[in-house]
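In case you want the letters, here they are:
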Amino acid sequence: MSTTEETNYYEIAISNLPLNGYFTYSSKISLKPGQRVHVDFSNKSYLGYVHERTEKPEYKTKEILEIIDKESYLSKKDMSLIEYTCDKFHTPPGKIFDLFFPPGKLLKKIKYLYPVDSKSILSETTRYDIALKKFGKEQILNDTDKKYSKELFSFIAKNNYKKKSEKFLEINIPLYNTYNYNLTSNGEKIVDFLLSVEYIDENELIKKMALKSRSSIKTLLKNKIIKYKEIEKDDENWNIERIKALTPEQENIYKNIFSNFLGIHLLHGLTGTGKTEIYFKLMEIVLNKGYQVLYMVPEVSLTPQLLARMRGFFPGRILGTYNSYLPNNQRVSNWLDAKEKNINILVGTRSSIWLPLDNLGLIIIDEEHDTSYYNQNNPFFDSIDIAIKKAELLNIPLILGSATPRIDHYQKALDKHFYLHELKNRPKGKLPEVEIIDMKKNSGSFLFSARSLNEIKNNLKKNLQTFIFVNRKGYSNYIVCQKCGHIIKCPNCSISMSYHKSKNIFKCHYCNHSVFSFTECPECKSKSLIARGYGTEKVENEIRKIFPEANVSRIDKETIENNKKFEKILKEISLKKIDIIVGTKMISKGLDFPDVGLVIVLDSDKLINIPGYYSNEIAFQQINQVIGRSGRGKKGRAIIQTYNEENELLKNAINSEYETFYNNEIELRKNFAYPPYMNFIQISIKNKDEKSSLEDSKRYLMEFTNLNKSISQIFGPIKPFVFKINNEFIHTINIKAEKNYQINYPEVAIKSRVEIVVNPYGNIL
Ligand SMILES: [Zn+2]
Ligand SMILES: [Zn+2]
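Description of the structure in this document. (Residues numbered from 1 in each chain as written. Chains lettered and ligands numbered in written order. Predicted model: local features only at pLDDT ≥ 70, side-chain atom pairs only at ≥ 80, totals over all residues. Heavy atoms only, no water.)

Details of helix H11 (residues 328-339)
Turning to step 1, where the next piece is worked out: End to end, H11 covers 16 Å across twelve residues, agreeing with the expected 16 Å (1.5 Å per residue, within 8%).
Turning to step 2, where the next piece is worked out: Burial analysis of H11 places eleven of its twelve residues in the buried class, the great majority of the element.
Turning to step 3, where the next piece is worked out: Within H11, the full set of buried residues consists of Asn 329, Gln 330, Arg 331, Val 332, Ser 333, Asn 334, Trp 335, Leu 336, Asp 337, Ala 338 and Lys 339.
Turning to step 4, where the next piece is worked out: Tucked inside the fold, the buried residues of H11 contact strand E11 (199-201), strand E14 (292-296), strand E15 (319-322) and strand E16 (345-348).
Turning to step 5, where the next piece is worked out: Following H11 by one or two positions, Lys 341 adopts a phi angle in the positive range, close to 65°. (Helix = DSSP H or I, 4+ residues; strand = E, 2+ residues; numbered from the N terminus. Expected span 1.5 Å × (residues − 1). Buried < 20%, exposed > 50% of the residue type's maximum accessible area, 1.4 Å probe, protein only. Contact = heavy atoms within 4.5 Å.)

Next comes the structure, spelled out in structure tokens:
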């Protein structure tokens with residue numbers, strides 16, 4: 001940072017602002033792209049990011065209020081990635097800059113004043129801005145000039161809490177009155193330090209403060225000025241043994257990738273064929289050269305098992321995690337560790353692609369078909385697309401792996417834009433034997449066919465585990481009046497509410513609105529409301545009734561509130577303490593348990609009928625993934641209950657006929673001009689008022705058409721199937737544009753919210 005004579009002008013992206021474009025501010029100090037600042041935006045202080053230097057504008061500009069980072073945390077390549085993302089996905093730049101930083105207070109400075117003399121006007125440590133308001137500038141200056149009070153900066157610094165000791169110290173009273181206690185000089189030093197770091201490992205503190213003994217810590221503890229903090233740690237004892245050697249097929253692919261260790265490699269391997277072993281061998285090479293590896297998983301639920309395997313394979317390497325389930329404090333710490341190269345392997349979800357890892361040598365994206373890699377809310381973007389760009393910018397290899405690759409990626413591989421590797425044989429176990437049950441001819445109960453129940457019984461006898469897959473969580477899908485047919489709907493969304501028996505509530509799965517359950521129909525006042533359809537909770541109840549001797553667990557978003565709970569259940573499954581697991585798609589993703597002998601898919605039909613051009617693709621993947629959980633150790637079985645036993649897609653999924661499915665699907669996409677042949681853009685106009693949503697979407701449509709005269713396929717405004725979410729009415733405009741066509745998005749002065757999704761993937765609406 002250097003002070004210059006002349007004034008500089010910078011384009012600034014405003015944090016979390018849903019608007020496209022940058023705003024110009026001036027600064028006497030020269031700044032670098034990526035540096036964080038505070039600026040005045042419509043009379044409020046906002047976090048902003050320097051985009052680039054610009055010319056002095058015609059209009060009057062405001063000066064940057066404060067510079068937060070002394071240096072920029074972002075590289076030139078990070079800046080290019082931001083440009084790319086905003087261009088491709090038409091995302092607001094401020095929202096993309098935000099993704100590069102952990103949430104919360106990364107090195108955020110808060111200024112405090114604390115009294116050091118009884119003559120001070122302050123009676124306790126106070127935030128500077130509050131003290132200023134209370135006493136005025138003059139009095140405060142007087143106080144500090146006379147050294148009655150001292151300034152203190154608190155920032156969140158690095159916490160080394162990964163260390164073996166679990167004794168972490170923190171201040172007991174958040175902002176306490178320092179001089180009321182007779183602190184020794186060591187005591188004062190410790191307190192000052194703890195105020196600025198939140199908490200620290202005890203041994204680390206002793207080292208940092210150069211203490212000769214623990215006595216001052218003991219005194220502070222005794223006087224309750226500081227205390228021990230309890231931190232939940234990852235279970236570092238879960239360690240899965242390293243596999244001995246690769247199979248010849250794995251070895252072959254490993255060598256092929258290694259011989260072209262750049263660009264994008266798509267590893268298409270059926271479930272259970274050992275993709276992970278190949279990743280690990282490649283990672284070893286990169287790690288030995290001193291580079292970092294980013295390993296992405298679709299869902300945080302996959303990390304405990306993966307970390308356990310990594311501990312076995314890479315003893316001594318430092319593993320780190322990054323996902324939104326981590327407490328903010330730990331996210332900040334892991335972010336800094338990753339940035340400062342203190343982490344060798346970073347395992348993360350979608351958000352980890354933005355981490356500014358300076359020493360990155362390889363990116364691996366496992367289960368690359370998963371829809372969770374597409375950010376399903378504003379800013380909408382495809383993190384695999386971002387990863388491809390990132391790998392290209394950094395000139396490092398990227399490996400995508402899946403049993404059911406995304407249609408667009410497989411096409412790229414067949415067109416030789418990606419390297420394609422096919423892995424076909426399971427090293428252990430076999431692909432399961434699959435049986436389709438025609439529920440129209442079912443002799444069993446409403447939920448289970450007689451055959452399914454019989455197979456569960458046999459499986460229990462053999463001391464093997466059973467997975468039961470249900471598409472919906474909750475007890476029932478909807479509540480209906482038997483007399484007048486009225487369906488209970490969410491007051492905020494145009495969608496029926498589900499019944500949750502354990503909490504006795506009606507709940508909306510779109511906005512989480514819930515009410516205590518009632519029995520009287522709000523329409524005809526009869527007491528004839530009944531719950532129809534079923535979800536995981538009802539299936540769990542039924543199973544417990546039918547098999548009272550079995551240990552049953554349920555895995556869905558309701559039962560697994562956090563990572564720790566999930567880790568616990570996973571461990572119980574692997575220790576065979578659970579016989580039957582009822583779950584949603586959370587159980588279908590990449591988990592590997594050798595003793596699952598039977599998988600039952602209860603409602604496969606629901607998977608097949610989701611809206612969107614990608615619906616077949618996702619249905620195929622999910623059915624294939626669920627079946628793949630079976631027979632990973634020995635021979636396994638799978639049963640699929642359906643009312644559409646002739647469905648082509650179902651048949652292909654069951655036979656793991658990816659190529660057949662791909663050929664059918666790509667033909668369909670071509671005929672209907674969908675991705676990957678064309679770009680599909682979905683624009684949603686949202687407003688609390690239904691009429692305004694329609695009017696605004698008509699205006700947007702008109703201006704869009706004017707700006708993009710050569711696009712012929714523009715459809716809308718359309719009232720979508722779910723036309724109201726969270727009290728907002730929705731109208732959509734759908735566009736099909738040539739791949740190389742540069743779309744011009746209009747800035748229309750309308751009150752409605754405009755959301756743009758480019759090539760959506762997954763249930764966005
Ligand atoms: Zn009724
Ligand atoms: Zn709702």
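What follows continues from the structure just given.
With respect to the sheet that holds E14
Turning to step 1, where the next piece is worked out: Pairing is parallel across the open sheet formed by seven strands, whose spatial order is E15-E16-E14-E17-E18-E13-E19. Looking at which strands have only one partner, the edges of the open sheet turn out to be E15 and strand E19 (419-423). The sheet shows a mean angle of 20° between the axes of neighbouring strands, taken without regard to direction.
Turning to step 2, where the next piece is worked out: Of the pairings in the sheet, the one linking E14 to strand E17 (residues 360-366) comprises five bridges and is parallel in character. Pairing of Tyr 295 across the sheet is with Ile 364, part of E17.
Turning to step 3, where the next piece is worked out: Each of strand E13 (264-269), E17 and strand E18 (398-402) is contacted by helix H12 (residues 383-394), which is oriented at about 160° to E17, the strand it contacts most. (Pairing = 2+ DSSP bridges. Axes fitted to C-alpha atoms, helices over the stretch in contact; angles between N-to-C directions.)

Quick notes on the pattern of salt bridges
Turning to step 1, where the next piece is worked out: Under the counting rule described, the total for this entry stands at 33 salt bridges.
Turning to step 2, where the next piece is worked out: Across the salt bridge formed by Lys 527 and Glu 520, the nearest N and O atoms sit 3.8 Å from each other.
Turning to step 3, where the next piece is worked out: For Lys 527, a relative accessible area of 65% corresponds to the exposed category.
Turning to step 4, where the next piece is worked out: Overlapping salt bridges, with partners in common, bring together Glu 433, Glu 435, Arg 451, Glu 455 and Arg 637 in one network. (Salt bridge = Lys/Arg side-chain N within 4 Å of Asp/Glu carboxyl O.)

Some words on the packing of helix H18 (residues 615-627) against helix H20 (residues 658-671)
Turning to step 1, where the next piece is worked out: Running from N to C, H18 and H20 cross one another at 170°; their axes reach a closest spacing of 10 Å. Looking at the two axes, H18 sits roughly antiparallel to H20. When H18 is examined against H20, the residues Asn 616, Glu 617 and Phe 620 are found in contact with a partner set consisting of Tyr 658, Phe 661, Glu 665, Leu 668 and Arg 669.
Turning to step 2, where the next piece is worked out: Tallied by class, residues from the contact of H18 with H20 come to four nonpolar, one polar and three charged. (Parallel < 35°, antiparallel > 145°, perpendicular 65-115°, else oblique. Nonpolar A, V, L, I, M, F, W, Y, C, P; charged D, E, K, R; others polar.)

Observations concerning the coordination of the zinc ion (ligand 1)
Turning to step 1, where the next piece is worked out: Summarising the metal site, the zinc ion (ligand 1) is bound by the protein donors Cys 481 (SG), Cys 484 (SG), Cys 521 (SG) and Cys 524 (SG), whose distances to it range over 2.3 to 2.4 Å.
Turning to step 2, where the next piece is worked out: Coordination of the zinc ion (ligand 1) draws on donor residues from a single chain, spaced C-x2-C-x36-C-x2-C in sequence. Here Cys 521 lies in the loop between strand E25 (514-516) and strand E26 (529-532) and Cys 484 lies in the loop between strand E22 (478-481) and strand E23 (498-500), a separation of 37 residues in the sequence. (Donors = N, O, S within 2.8 Å, 3.2 Å for Na, K, Ca; no water.)

Observations regarding the packing of aromatic side chains
Turning to step 1, where the next piece is worked out: Under the criterion given, the structure shown has 31 aromatic pairs.
Turning to step 2, where the next piece is worked out: Members of the aromatic cluster, connected to one another through ring pairs, are Tyr 49, Tyr 73, Phe 97, Phe 101 and Trp 335.
Turning to step 3, where the next piece is worked out: Positioned above the aromatic ring of Phe 101 is the side chain of Arg 36, whose terminal nitrogen or guanidinium carbon lies 4.4 Å from the ring centre.
Turning to step 4, where the next piece is worked out: Above the face of the Phe 723 ring, Lys 719 is positioned so that its terminal group lies 4.3 Å from the ring centre. (Phe/Tyr/Trp six-rings, centres within 6.5 Å; stacked < 30°, edge-to-face > 60°. Lys NZ or Arg CZ within 6 Å of the ring centre and 35° of its normal.)

Thoughts on the packing of helix H9 (residues 275-288) against helix H10 (residues 303-313)
Turning to step 1, where the next piece is worked out: Between H9 and H10, the shortest axis-to-axis distance is 12 Å and the interhelical angle comes to 50°. In terms of their interaxial angle, H9 and H10 are classed as oblique. The chirality of how H9 crosses H10 is right-handed. Counted together, Thr 276, Glu 277, Phe 280, Lys 281, Met 283 and Glu 284 of H9 and Leu 306, Arg 309, Met 310 and Phe 313 of H10 form the full contact between these two elements.
Turning to step 2, where the next piece is worked out: Residues that form the contact of H9 with H10 fall into these classes: five nonpolar, one polar and four charged. (Left-handed = near helix turned anticlockwise from the far one by under 90°.)

With respect to unusual backbone geometry
Turning to step 1, where the next piece is worked out: For the bond running from Pro 675 to Pro 676, omega is 10°, close enough to zero to count as cis.
Turning to step 2, where the next piece is worked out: As for its placement among the helices and strands, Pro 676 is situated in the loop between H20 and strand E31 (678-687).
Turning to step 3, where the next piece is worked out: Geometrically, the link from Gly 716 to Pro 717 is a cis peptide bond, its omega value of -10° lying close to zero.
Turning to step 4, where the next piece is worked out: When you line up the elements, Pro 717 lands in strand E32 (residues 713-718).
Turning to step 5, where the next piece is worked out: Even without glycine at this site, Glu 367 takes up a positive phi of about 50°.
Turning to step 6, where the next piece is worked out: By secondary structure assignment, the location of Glu 367 is in the loop between E17 and H12.
Turning to step 7, where the next piece is worked out: The exposure class assigned to Glu 367 is buried, which follows from its relative accessible area of 9%.

Comments concerning the sheet that holds E25
Turning to step 1, where the next piece is worked out: The strand order across the open sheet formed by three strands is E23-E24-E25, and the pairing between neighbours is antiparallel. Of all strands in the sheet, those with a lone pairing partner are E23 and E25, marking the two edges. Each adjacent strand pair in this sheet contributes to an overall mean axis angle of 30°, direction not counted.
Turning to step 2, where the next piece is worked out: Relative to E25, strand E24 (residues 505-507) runs antiparallel, the two sharing three bridges. Among the inter-strand pairings, Ile 505 is bridged to a residue of E25, identified as Phe 516.

A closer look at helix H1 (residues 76-89)
Turning to step 1, where the next piece is worked out: Helix length check: H1, at 14 residues, gives a terminal C-alpha distance of 20 Å against a target of 20 Å (1.5 Å per residue), a fit within 8%.
Turning to step 2, where the next piece is worked out: By the burial criterion, the buried members of H1 are Asp 78, Met 79, Leu 81, Ile 82, Thr 85, Cys 86 and Phe 89. The arc enclosing the buried residues of H1, seen along the axis, measures out at 155°, which places them on a common side. Among the exposed residues of H1, those oriented more than 90 degrees off its buried face are Lys 76 and Asp 87. (Arc of directions from axis to C-beta.)

Overview of the environment of Leu 694
Turning to step 1, where the next piece is worked out: As for its placement among the helices and strands, Leu 694 is situated in helix H21 (residues 690-707).
Turning to step 2, where the next piece is worked out: Under the relative-accessibility criterion, Leu 694 is labelled partly exposed at 28%.
Turning to step 3, where the next piece is worked out: Separated by 92 residues in sequence, Leu 694 and Leu 602 have C-alpha atoms that sit 39 Å apart.
Turning to step 4, where the next piece is worked out: Ignoring sequence-local partners within four residues, the contact set of Leu 694 consists of Pro 717 and His 731.

The values reported here are purely geometric and, on their own, carry no functional implication.
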